[in-house]
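As a plain string of letters, each chain reads:
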Amino acid sequence: MQAREIATFLDDNYNTFKNNQLFGRYITLQHIQPLIDNLPSEFQIAKAGESFQHRKINSITIGAGSKKILLWSQMHGNESTGTKAIFDLFNFLLNDTSGLATTILKNCTITVIPMLNPDGSEVYTRVDSQGIDLNRDAVDQKAPESKLLNKTLREINPHFCFNLHDQRTIFSVGNENLPTTLSFLAPSEDEDRTLTEGRKITMSVIVKMNEVLQHLIPNQIGRYTDEFYPTATGDNFQKAGYNTILVEAGHFPNDYDREITRKYNFIALVSGIYGIATSEKLTNYKPYFQIPNNEKNYLDIIYKNVFIESEKITIEVGILFKEELINGNITFTPFIEKTGDLSGYNANTIIKHNNRFVPTRKHLDVFIEK
Ligand SMILES: [Zn+2]
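## A word on the sheet that holds strand E10 (residues 313-326)
Then, number 1: Taking strand neighbours across the sheet as the criterion, the four strands line up as E11-E10-E9-E12 in an open arrangement whose pairing is mixed. Each edge of the sheet is formed by a strand with only one pairing partner; in this case those strands are strand E11 (329-340) and strand E12 (346-358). Across the sheet, the mean angle from the axis of one strand to that of its neighbour is 25°, orientation sign disregarded.
Then, number 2: Across nine bridges, strand E9 (residues 298-308) lies against E12 in parallel orientation. The partner of Ile302 across the bridge, within E12, is Ile350.

Okay, structure coming up:
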C-alpha cells in the first residue's frame, strides 16, 4: 500500500481499532493490566521484571517475522499517549483485514513494554519513584527500570526500537497557529552528530512515517534537535547499533486529553512498522531533513490588548498550563509564561480584548484566577 492509501485507510477506520477502555492523560498499571491479561493467545505475555516499588513491568510479543522490533512507552510516567496508541496497535494487529497487519506480522516480531515506569505513572510524574529520569539513566543504569530495559534490549537484539514519549504544548512548526502534534528524532551517536549508516536507516523509517502523516496533518509534524545527549536512552541505543526512533506525541488543537493525537501516534506506529516490514533496504533518509524543526513558540492561551495603566503600555499575556494529578484527576492549572509582544507566538486559544485595563503588572494575576 502507498502512503496516501495507508493514511486514508487508517484515518477512516481508526474507530474500529481504537481501544475505548483507555482514555485521557492519566494511565496507570491498573488501567492496562486487565487489558494485557485479556489479550488473546496470538500475544505472548511475560513479566519482564518489576519497578523499584515492585509494580509489574509487562512485556508483550506478537508476530513471526525475522525483523525484530522493540517498543516501549511511559518511560516517563506522565507521558501516556504512546501507551494508548500501543493498545490501538494491538487491536489493529488482531482485527485488520486490509493486509497491512498480515504483512507486518509475517515480516516482524514485535515486543512491547507498554509501561516501563509504572511507579511514575501511578503518581503522574516524569521520573520514577526514586526520582530518576529513566531517559537520562542509560549509562549509569541506577534504576531497576533502566536495567530491565537494557536487559530486554540485549536479549531481543532488535533491528529497530521505538521510544515513545509525550512533549509539552509549547511547540509549533509553522505560522498556521497550529501546534506540533507529532515530533520525531533519529538520535545522534556523538557530539558531532555524525550521519552514521545506522542513523540513516533510523531517519528512513521516520521518512516512511512522515510520508503517511503529511497526508493528514501536514503542518503539525516536527523534528527534534539532534544535539547529542550522552546519558539519554535513544542516543546510547543508537550508538550501540540499535536503530532507535524517538516519537514525541504533542498537542492537537483543543485536544487536552490527547485522544486525537493518539490516533496520529497510532498511524505513525503502523506506518513505521509497515515500512520496516516491506523494505529490503531503508536508504531514503534525505527527506528527513525536510521535516521542519520544532520551535518553542506555542502557548495555551494568549490575551491580546492588555493595557497596564501604571506603565501606559499595551502588552500581551501568554499562559501555559501546568498539569497536576489532583484527587485522581489531571488538572490544568494556568500560569503566566510570558508577557510583552508575543507576535512570534501561537496559542491554542487567542483572546482579543478591546482594551482590557489592569492598574499595574501585579494585577495580571486576574488572567490565572479561576
Ligand atoms: Zn519523555
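And the narrative resumes.
## Section: the packing of aromatic side chains
Then, number 1: Counted according to the given criterion, the structure contains 17 aromatic pairs.
Then, number 2: A centroid spacing of 5.1 Å and a plane angle of 85° characterise the contact between Phe17 and Phe92, whose relative ring orientation is edge-to-face. Of the two residues, Phe17 is situated in helix H1 (residues 3-17) and Phe92 in helix H3 (residues 81-95); the sequence distance between them amounts to 75 residues. Pair check on accessibility: Phe17 and Phe92 agree, each one buried.
Then, number 3: Between the aromatic rings of Tyr303 and Phe367, the centroid separation amounts to 4.5 Å while the plane-to-plane angle is 40°, which identifies the pairing as tilted. Of this pair, Tyr303 sits in strand E9 while Phe367 sits in the segment after E12, and the two are 64 residues apart along the sequence. In this structure, Tyr303 and Phe367 share a single accessibility class: buried.
Then, number 4: A connected cluster of aromatic rings, assembled from ring pairs, spans Phe9, Tyr14, Phe17, Phe92 and Phe266.
Then, number 5: Positioned above the aromatic ring of Tyr229, the side-chain terminus of Arg136 is 4.7 Å from the ring centre.

## Concerning the coordination of the zinc ion
Each donor-metal-donor angle in an ideal tetrahedron of four donors is 109.5 degrees, and each such angle in an ideal octahedron of six donors is either 90 or 180 degrees.
Then, number 1: Coordination of the zinc ion by the protein is provided by His76 (ND1), Glu79 (OE), Glu79 (OE) and His165 (ND1), with metal-donor distances spanning 2.0 to 2.7 Å.
Then, number 2: Taken together, the four donor atoms surrounding the zinc ion define angles of 54 to 151° at the centre, an arrangement classified as irregular.

## Overview of the pattern of salt bridges
Then, number 1: Summed over the entire model, instances satisfying the criterion amount to 19 salt bridges.
Then, number 2: The partner of Glu197 in a salt bridge is Lys200, and the shortest N-O contact between them spans 3.3 Å. Of the two residues, Glu197 and Lys200 are both situated in helix H7 (residues 197-213); the distance of three residues between them amounts to about one turn of the helix.
Then, number 3: The exposure class assigned to Glu197 is exposed, which follows from its relative accessible area of 56%.
Then, number 4: Close ionic contact of Glu316 with Lys304 constitutes a salt bridge, the shortest N to O distance being 3.2 Å. Of the two residues, Glu316 sits in strand E10 while Lys304 sits in strand E9, which places them 12 residues apart along the sequence.
Then, number 5: On the basis of relative accessibility, which here comes to 12%, the residue Glu316 falls in the buried class.
Then, number 6: Here the salt bridges do not stand alone but share partners, grouping Lys18, Lys84, Asp88, Glu259 and Arg262 into one network.

## Thoughts on the side chain of His165
Then, number 1: Mapped onto the secondary structure, His165 falls in strand E5 (residues 160-166).
Then, number 2: Exposure remark for His165: the relative accessible area of 2% places this residue in the buried category.

## Focus on the domain arrangement of the chain
Then, number 1: Here the chain is partitioned into domain 1 (3-290) and domain 2 (299-367).
Then, number 2: Distance between the C-alpha centres of domain 1 and domain 2: 34 Å.
Then, number 3: At the junction of the two partners, domain 1 supplies 16 residues and domain 2 supplies 13 residues.
Then, number 4: Between domain 1 and domain 2 the total buried area reaches about 1200 Å² when both faces are included, carbon and sulfur atoms providing 50% of it.
Then, number 5: By the criterion of area lost to domain 2, the three top residues of domain 1 are Tyr124, Asn177 and Tyr256, representing 45% of everything that side buries.
Then, number 6: One can count one salt bridge joining domain 1 with domain 2.
Then, number 7: In this structure, the connection of domain 1 to domain 2 is made through six residue pairs in polar contact (both at pLDDT 80 or more).

Here is what the cut-offs are and how they apply
Residues numbered from 1 in each chain as written. Predicted model: local features only at pLDDT ≥ 70, side-chain atom pairs only at ≥ 80, totals over all residues. Heavy atoms only, no water. Pairing = 2+ DSSP bridges. Helix = DSSP H or I, 4+ residues; strand = E, 2+ residues; numbered from the N terminus. Axes fitted to C-alpha atoms, helices over the stretch in contact; angles between N-to-C directions. Phe/Tyr/Trp six-rings, centres within 6.5 Å; stacked < 30°, edge-to-face > 60°. Buried < 20%, exposed > 50% of the residue type's maximum accessible area, 1.4 Å probe, protein only. Lys NZ or Arg CZ within 6 Å of the ring centre and 35° of its normal. Donors = N, O, S within 2.8 Å, 3.2 Å for Na, K, Ca; no water. Tetrahedral: all angles 85-135°; square planar, octahedral: opposite > 155°, others 65-115°. Salt bridge = Lys/Arg side-chain N within 4 Å of Asp/Glu carboxyl O. Domains from an automatic or database assignment. Contact = heavy atoms within 4.5 Å. Buried area = accessible area lost by both parts, 1.4 Å probe. Polar contact = N/O pair within 3.5 Å; in protein donor to acceptor, adjacent residues only side chain to side chain.

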